[in-house]
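Descriptive analysis of the structure
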Amino acid sequence: MSRFLQKGLQSLEVYTPGEQPQDKQYIKLNTNESPYPPGPKTLAAINRQEGENLRLYSDPECTALRDALAQRYGVERGNVYAANGSDDILNFAFWAFCGSGGKVRFPEISYGFYSVFADLHGCVAEPIPLKEDFSIDPGDYAGVNTFVVIANPNAPTGLALSLDAVEEIVKSNPNHVVLIDEAYVDFGGESAVPLTKKYENLLVVQTFSKSRSMAGGRLGFAIGNRGLIEDLERLKYSTNPYCLNRLTLAAGTAALLEDGYYMDNCKKIIAARAWTKAALEALDFTVLPSKTNFLFAASKKISGEELYRKLKERGILVRHFGKERIKNYNRITIGTQAQMEALVQAVREIMGG
Ligand SMILES: *Cc1c(COP(=O)(O)O)cnc(C)c1O
């Protein structure tokens, strides 16, 4: 840190992304990426022509992509905002809808970025503990009269809230934005997108990083009432109007032309998830019922940290979190069936069976 950094940023606790080691080939089950490559139409869109077009600025309005998203999700282009990863949208949302001194509620155990953005923008964060079974109690968010951010399904637990519970939260906080982060919704959750037509305070955020195999492309989007989208656009045109690059715009638009390919991959992941859950339970693990592309699992016979370390020695990366309440757990991304068999075999060896 230099002596020039402004005081307000000196104590900021930054987000720690999952490891992306470059030293050797791991079976990477630690950052919830897809094990499948982008589809053929998506890859074909990242072509030489588009490469040559890099000399030109990209479309600041992201028209083609937003039209494709609007069609896919049954809304209008004006209800869609696209950005350089959903992290960018979350950042803007904390800035736009909470800001300095504003209150925000989110689950204490959830996506680690929420507290970072709250801190960055001087918001007063009220992290709410999960219930004993790691689920979210919708009653903790109903009628609270603050900005609310909920990952649904939640990470790293994998548990989902029902659409009725989400609606109750949105309906009972009419004077504040409720942001539902649906990064994992394509793996079995119920999307709140249809509710955006009914509630002007609901913003739904999704990403191409998980279900659409484009984590490295950096593409996220939000759907909501036109007014909310305009608010996000206001921040974009005050910071970085060309925030989406040409290659990502082309790839994202093409991905929606072959959405069936991605949704089929989600089905394969859901099947591998069921197989892995059963296999881990047979090894005496506690495994939460997941609606995501990962499992959250713990064993009484080995600490979460030790299992993480021993898997890494065997070339398999999973995600371990140090927080007291979940330190016995690991978050295991669902890969291909073959990768999951390798994981289970390694766990079996580590457990001495
Ligand atoms: C992965 C993830 C994101 C970030 O998505 P990007 O679009 O890659 O920035 C946001 N929220 C949750 C809950 C996630 O798990």
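Anything mentioned here points back to the structure above.
Anyway, here's the lowdown on the structure attached to this text. Going along each chain's sequence as written, the residues are numbered from 1 onward. Restriction of local features to residues with pLDDT of at least 70 applies here, the model being predicted, together with a cutoff of 80 or more for giving and counting side-chain atom pairs; totals for whole chains, interfaces and linings are based on all residues. Excluded from the side-chain calculation are hydrogens and water; included are all heavy atoms of the structure.

Description of the nonpolar core
Counting residues in each nonpolar core, the largest one holds 49 residues, and the members touching the most others are Leu65, Leu69, Ile150, Leu202 and Phe208. Discounting chain neighbours no more than four positions away, the residues touching Leu69 are Val80, Phe208, Phe221 and Leu256. Counting residues in each nonpolar core, the second largest holds 31 residues, with Ala272, Leu280, Ala297 and Val344 among its members. We define a nonpolar core as any set of buried Ala, Val, Leu, Ile, Met, Phe, Trp, Tyr and Cys residues linked to one another through side-chain atoms lying within 4.5 Å. Partly exposed residues are those whose accessible area sits between 20% and 50% of the maximum for their type, while under 20% is buried and over 50% is exposed, using a 1.4 Å probe and protein chains only. Any two residues having at least one pair of non-hydrogen atoms within 4.5 Å are treated as being in contact.

A few points about unusual backbone geometry
Put simply, Asn152 and Pro153 share a cis peptide bond, and its omega is 0°. Look at the link from Ala155 to Pro156: it is a cis peptide, with omega at 5°. Unlike most non-glycine residues, Cys62 shows phi in positive territory, near 50°. The way it works is that DSSP assigns letters per residue, a run of H or I at least four long becomes a helix, a run of E at least two long becomes a strand, and they are numbered from the N terminus. Following the sequence through the fold, Cys62 ends up in the loop between helix 3 (48-52) and helix 4 (63-73). Judged by its relative accessible area of 3%, Cys62 falls in the buried class. One non-glycine residue, Asn145, adopts positive backbone phi at about 60°.

With respect to the sheet that holds strand 12 (residues 319-320)
In sheet architecture, strand pairing relies on hydrogen bonds along the backbone and comes in two forms, parallel and antiparallel. If you trace the 4 strands from one edge of the open sheet to the other, you get 9-10-13-12, paired in antiparallel fashion. Where the open sheet ends on each side, the last strands, each with one partner, are strand 9 (286-287) and strand 12. Pairs of strands are assigned from DSSP output, requiring at least two bridges between the strands. Looking at chain direction, strand 10 (residues 294-298) and strand 13 (residues 329-333) are connected through 5 bridges and run antiparallel. When the bridges of strand 13 are listed, Ala297 appears paired with Asn330. Helix 10 (residues 259-282) contacts strand 9, strand 10 and strand 13 of the sheet and is inclined by roughly 5° relative to strand 10. Here, axes are lines fitted to C-alpha atoms. For helices the fit covers the stretch in contact, and angles between N-to-C directions go from 0 to 180 degrees. Here helix 11 (residues 304-313) sits on the sheet and contacts strand 12 and strand 13; the angle it forms with strand 13, its principal contact strand, is near 40°.

Some words on the site of the ligand
Each residue is tested against the molecule or strand, and it is near if at least one of its non-hydrogen atoms lies within 4 Å. Contacts to the ligand come from Gly85, Ser86, Asp87, Tyr111, Asp181, Ala183, Tyr184, Thr207, Ser209, Lys210 and Arg218. Polar contact is defined as a pair of N or O atoms within 3.5 Å, subject to the rule that within protein one atom must be able to donate a hydrogen and the other to accept it, and that residues adjacent in sequence are counted only when both atoms are side-chain atoms. In this structure, Ser86 approaches the ligand through a main-chain N or O atom, which is 2.7 Å from an oxygen atom. For the ligand, the protein covers 93% of the area, taking 390 Å² as the surface of the free molecule. Residue classes follow a fixed rule: Ala, Val, Leu, Ile, Met, Phe, Trp, Tyr, Cys and Pro count as nonpolar, while Asp, Glu, Lys and Arg count as charged, and any other residue, Gly among them, counts as polar. In the shell around the ligand, the residues fall into 3 nonpolar, 4 polar and 4 charged. Methods summary: accessible areas were calculated by the Shrake-Rupley approach with a probe of 1.4 Å, and residue burial reflects only the protein chains presented.

Here's the deal with the packing of helix 5 (residues 86-97) against helix 8 (residues 226-236)
Two quantities define a packed helix pair, namely the angle between the axes and the distance from one axis to the other. Across the interface, helix 5 lies against helix 8 with an axial gap of 10 Å and an inter-helix angle of 105°. Compared by their axis directions, helix 5 and helix 8 come out roughly perpendicular. Side by side, helix 5 and helix 8 meet where Ile89, Phe92, Ala93, Trp95, Ala96 and Phe97 of the first sit next to Leu228, Asp231, Leu232, Leu235 and Lys236 of the second. Split into classes, the residues belonging to the contact of helix 5 with helix 8 amount to 9 nonpolar, no polar and 2 charged. Angle categories: roughly parallel below 35 degrees, roughly antiparallel above 145, roughly perpendicular from 65 to 115, and oblique for all the rest.

Quick look at the sheet that holds strand 7 (residues 202-207)
The strand order across the open sheet built from 7 strands is 2-8-7-6-5-3-4, with neighbouring strands paired in mixed fashion. The open sheet has two edge strands, strand 2 (80-83) and strand 4 (124-128), and neither has a second partner. When strand polarity is set aside, the average angle formed by the axes of neighbouring strands in this sheet is 20°. The strands touched by helix 4 within the sheet are strand 2, strand 7 and strand 8 (220-224), with strand 2 carrying the most contacts at an inclination of about 130°.

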